[in-house]
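Residue-level structure breakdown
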Amino acid sequence: MKIRNIILLTLLVALFLGCAGREPTPGVTDSEILIGNIQDLSGPMKELGMALPHGSNLYFNYINGKGGIHGRKIKMVIEDHQYNPQKAVAAAKKLVEQNQVFCFYQVIGTSPCEALRPTLEEYEIPLIAPATQSGTMSDRSRRGWKYIFHTDTGYDKQANILVDYAYEQNGDAKVGVIYQDDDYGANVLKGIAEAEERHGITVQKEAYQRGATDFAGQVMNLLKGGTTHVIIGGVVREPIIVMKTAAAMSYAPQFLGISPTMDHRVVLGAGKEGEGFIVANFAQLYNSDAEGAKLYRELFENSGTDPKVMGMYNFYGFMTAMVLVEGLERAGKRLTRARLIRAMEGFKNWDGMGVFPGISYGPSDRAGTESVVLVANRGGTQQIISDWIE
Amino acid sequence: MKSRYADENLSWIAPLVLLVIAIPFLIRGVTFSYRYYLYVLNIAGIYTILAVGLDILSGYTGLISLGHAGFFAIGAYTSAVLVDQAGIPFGLSLIITPIITGFFGLVVGFPALRVSGMYLGLTTMGFGFIARRLIIALRAWTEGSAGLEVSNPVLFGFEFASDWANYFLIFTFVVAVVVVARRVMNSKIGRAFMAIRDSERAAEAAGVNLTRYKLLAFFMSAVLAGLAGVLFAHTMRFISTDHFDILLSIYFIIMILVGGVGSIYGAVLGSVFIVLLDFLLIPAFKDWMALFVAIEVADIQSLIFGLIMFLFIIFQPMGLYGVWLKMRIYWKLFPFNPKKRFT
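Residues numbered from 1 in each chain as written. Chains lettered and ligands numbered in written order. Predicted model: local features only at pLDDT ≥ 70, side-chain atom pairs only at ≥ 80, totals over all residues.

Helix and strand content of chain B: 14 helices and four strands. Taking 343 residues into account, the globule formula puts the C-alpha radius of gyration at 20 Å, and chain B, at 21 Å, falls close to it. Principal-axis analysis of the C-alpha atoms places the extent of chain B at approximately 65 × 60 × 45 Å. Across the 343 residues of chain B, 45% fall into the buried class. (Helix = DSSP H or I, 4+ residues; strand = E, 2+ residues; numbered from the N terminus. Rg over C-alpha atoms; globule rule 2.2 N^0.38 Å. Buried ≥ 20, exposed ≤ 12 C-beta atoms within 10 Å, placed from the backbone.)

It is worth spelling out the sheet that holds strand β3 (residues 103-105) of chain A at this point. All names here are of chain A. Here five strands make up an open sheet; going across it, the order is β2-β1-β3-β4-β5 and the pairing parallel. Across the chains shown, the open sheet's two edge strands, defined by having one partner strand only, are β2 (73-80) and β5 (148-149). Sheet analysis places strand β1 (residues 32-39) next to β3, joined by two bridges and oriented parallel. Note that in β3 the partner of Ile-35 across the bridge is Cys-103. (Pairing = 2+ DSSP bridges.)

Turning next to the nonpolar core. Residues Val40(B), Leu50(B), Val52(B), Phe72(B), Leu224(B) and Ala228(B) are the most contacted members of the largest nonpolar core, which totals 215 residues. Top contributing element to this core by residue count: helix α2 (residues 34-60) of chain B, with 19 residues. There are two domains that each give this core at least three residues, and those are domain 1 (32-153 + 287-370) and domain 2 (155-281) of chain A. If sequence neighbours within four positions are ignored, Val52(B) has contacts with Val177(B), Val178(B), Ala181(B), Leu224(B), Ile264(B), Ala267(B) and Val268(B). (Core = buried A, V, L, I, M, F, W, Y, C linked by C-beta atoms within 7 Å. Domains from an automatic or database assignment. Contact = placed C-beta atoms within 7 Å.)

On to the packing of helix α1 (residues 13-30) of chain B against α2(B), then. Residues and elements named next belong to chain B. Orientation of α1 relative to α2, taken along the N-to-C sense of each, is 150°, at an axis distance of 9 Å. Comparing their axes, α2 and α1 come out roughly antiparallel. Once α1 is placed against α2, the crossing between them reads as right-handed. Here Pro-24, Ile-27 and Arg-28 of α1 lie close against α2, whose contacting residues are Tyr-34, Tyr-37 and Leu-38. Its residues assigned to classes, the contact of α1 with α2 comprises five nonpolar, no polar and one charged. (Axes fitted to C-alpha atoms, helices over the stretch in contact; angles between N-to-C directions. Parallel < 35°, antiparallel > 145°, perpendicular 65-115°, else oblique. Left-handed = near helix turned anticlockwise from the far one by under 90°. Nonpolar A, V, L, I, M, F, W, Y, C, P; charged D, E, K, R; others polar.)

Right, let's talk about unusual backbone geometry for a bit. Located in the positive-phi region is Ala129(A), a residue other than glycine, with phi close to 55°. If you trace the backbone, Ala129(A) turns up in the loop between β4 (127-128) and β5. The phi dihedral of Phe156(B) falls on the positive side, at around 50°, and the residue is not glycine. As for its position among the elements, Phe156(B) is in the loop between β2 (154-155) and β3 (158-159).

Interface extent is often summarised as the accessible area lost during association of the parts. Counting from both sides, the interface comprises 24 residues of chain B and, opposite them, 25 residues of chain A. Take the side of chain B that touches chain A: its biggest share by element is five residues, from α2(B). By residue class, the composition of the side of chain B that touches chain A is 11 nonpolar, eight polar and five charged.

Bringing the confidence of the model for chain A into the picture now. Summary statistics for chain A give a mean pLDDT of 88 and a share of 94% for residues scoring 70 or more. Contacts from residues 17-21 of chain A, a stretch scored under 50 in pLDDT, to residues over four places away or in other chains number zero contacts. (pLDDT = per-residue confidence, 0-100.)

On to the packing of helix α4 (residues 90-112) of chain B against helix α10 (residues 210-236) of chain B, then. All names here are of chain B. At a closest axis distance of 6 Å, the pairing of α4 and α10 adopts a crossing angle of 140°. By the angle between their directions, the pair α4 and α10 is classed as oblique. The two elements α4 and α10 cross, and the hand of that crossing is right-handed. Taken together, the residues of the contact of α4 with α10 sort by class into 17 nonpolar, 10 polar and one charged.

Our focus in this paragraph is the pairing of strand β7 (residues 204-208) of chain A. Two faces belong to every sheet, and in a regular strand the side chains alternate between them. Residue and element names in this part refer to chain A. Pairing of strand β6 (residues 175-180) with β7 involves five bridges; the strand directions are parallel. Looking at the pairing, Val-177 lines up with Lys-205 of β7. Note on the crossover from β6 through helix α6 (residues 183-199) to β7: the handedness is right-handed. (Right-handed = clockwise from strand over helix to strand, strands pointing away.)

Relative to the helices and strands, Glu204(B) is located in helix α9 (residues 200-205). For Glu204(B), a count of 13 C-beta atoms within 10 Å corresponds to the partly exposed category.

Residue and element names in this part refer to chain A. Strand order in the open sheet made by the seven strands is β7-β6-β8-β9-β10-β13-β14, with mixed pairing throughout. The open sheet is flanked by β7 and β14 (381-384), the only strands paired with a single partner. Within this sheet the neighbouring strands show an average axis-to-axis angle of 25°, counted without direction. Against the sheet, helix α7 (residues 216-225) engages β6, β7 and β8 (229-233), with an angle of about 175° to β7.

For the rest of this paragraph, the subject is the confidence of the model for chain B. All names here are of chain B. Counting all residues, the mean pLDDT for chain B is 88, and 93% of those residues have values of 70 or more. For chain B, the element scoring lowest by mean pLDDT is helix α13 (residues 300-315), at 78; helix α3 (residues 68-84) scores highest, at 96. Predicted complex, confidence summary: ipTM 0.86, pTM 0.86.

Our next topic: the environment of Ala193(A). All names here are of chain A. Tracing the sequence through the fold places Ala-193 in helix α6. C-beta crowding within 10 Å serves as the criterion here: with 15 such atoms nearby, Ala-193 is assigned to the partly exposed category. As a C-alpha pair, Ala-193 and Ala-159 span 34 residues in sequence and 9.4 Å in three-dimensional space.

The next subject is the domain arrangement of chain A. Residue and element names in this part refer to chain A. By domain assignment, chain A separates into domain 1 (32-153 + 287-370) and domain 2 (155-281). Once you take the C-alpha centre of each, domain 1 and domain 2 turn out to be 29 Å apart. With 11 residues of domain 1 at the contact, the number on the domain 2 side is 12 residues. Secondary structure elements with two or more residues in the side of domain 1 that touches domain 2: α4 (110-123) and α11 (312-331). Considering only residue class, the side of domain 1 that touches domain 2 consists of two nonpolar, eight polar and one charged.

Turning next to the pairing of strand β13 (residues 373-378) of chain A. Residue and element names in this part refer to chain A. Judged by which residues are buried, β13 turns out to be one-sided: Val-373, Val-375 and Asn-377 face inward and are buried, whereas Leu-374, Ala-376 and Arg-378, on the alternate face, are not. The pairing of strand β10 (residues 278-281) with β13 spans four bridges and is antiparallel. Bridging from a neighbouring strand, Val-279 pairs with Val-375 of β13. Pairing between β13 and β14: four bridges, direction antiparallel. Note that in β14 the partner of Val-375 across the bridge is Ile-384. Between β13 and β14, which follow one another and run antiparallel, lie two residues, and Gly-379 among them has a positive phi close to 60°.

All names here are of chain A. In a regular helix each residue adds 1.5 Å, so 20 residues correspond to 28 Å; α11 covers 29 Å between its end C-alpha atoms and thus fits that length. Judged by how many residues are buried, α11 sits mostly within the fold: 17 of 20 residues are covered. Positive phi appears at Gly-332, one or two residues downstream of α11, with a value of about 90°. (Expected span 1.5 Å × (residues − 1).)

In structure tokens, the structure reads:
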């Protein structure tokens, strides 16, 4: 009798444990993985906000067409934050609570990403490939650092490398920097300060306000200071105007740019004044021979999109989508947020079909890449002129 | 002797408090995504405090301000620095910071003694820019434009770490500010403010000290903006100069215009309406539209926002509070309404 009771009880317990299945992961079903992207669709960076997700979807559709990741198709939901940090947080909460997304991907802008840190901690949800090159993204002293996987080489690191490059070219170089007086510029200045200390020099610093269209004062100061190498920490319009203004003053230093100035519109807009402009970039060009870039061009042409969209920012969306897909692939069939974080931490020099210099993460490393390649404008086309520089 | 407030109807306070307490429970009962809605309501609550202050200045006293984002930013950054770097308790910062911001209000208020109208608007707008530049320049404390992480509010040993807890903290202040502001506006001070708004010369002739009351209006308004800033910094837990731009100042002006200028309830209705519209209704409408039309450009959000402002100013110059007043009079007189009066 007793033995029968024990057997019955064991069976009951086994049945109970069998029924109590694992709690389902939000945003993951047998056929779909839902990811959340928060872009600037109607704010100051709306042009990028349209180009980036388009590039990402090119790759997601390609992967979905091949059967998805472990049988699951990727679906991306996009919210608009208008470059407002508080709206970014509201959008993130909406994506987690209403849409039940699995993870965040490619939120654009430094301050919106910084504002998300408490939310990432609260929901223990990872943010893969934030669309900002600010070095603060991989800063481990900040809240919620372990949920953010930054792919790009930070602005600080880029500025540092550019100063080194100037001194390699000319031992007597006098370096100046024109920077945007905001979070982007602050990170550039951090790198400049490190380079100043290393080389025992003083870099001439000229600030401008976001949205400025007149740089005559800054260029004149650099001319007066006798700078031979000028680092431009701008986006698209700023390097064009700076180089044209300098040419009008018959001032011809070597212009160097931080990665946001990589856009091919700079080459088009600056014309002959932009000849020789050298930019640091954290990945291969979209028109390079890397396998990933070839695939991008092929998928883009097949998509029938307006050719004007093709370019650095569209390709950036594509590249970061490769990072996310690789992470999801490595996380395995039983997908959870914790497993994705562990899988991402396993990246070691992963180059994404030759596009990246080698992305590495670890339990206490969220920096992604630490190198850049230098790209020069030669006769109106962008050409890579260096190996990966650390 | 009869009290000054004996005639005032105070019966609305209790239902108002009950409603405010009930709202989060109702939302939690209805939807799983209550934290998202509470977050939006918390923003609305913080903006309400600021809008009440702005209404005291612009609605009651007639002094336009396009620089309230500046006071708001000073409040937020001052509290973040005082609490996280100087080690002052949050409770103390709730008192000190609004007073510090109030003094900035006095400084800005001085030009108001000489200039008015659009020129005052420009002066205050200039202050908004200066405040932002000042915050960026004081990098050692504010981390410049990179933004600043801020600690959670801690009051009497209790840490407000969730949207749920923050709601009760913020709305305690909202109710207190609304009650106090209404009382003050019904007092000698409020009447002096309105006299200045309607005619400075007449007010002066009636014995209103223009200098004193104009500065007082600026001080009170900045104190409330500072209080809103403290709550904003510690409940949002991250502040950045990106947030406190000129558009935010205009956003506040729109709130009091849509709510109804010159009424405390109007400021409350306006700020809640605009925040809900901006954060919930327009995005929901956009999502709904996307089911039928392929919307590539998200500018539709700004378009709808602008259209609503436009229609309000043309057809409802008294704002939402005006609509409420009309409805109240309509039902009081029903069914003996004079024809065409309420159309």
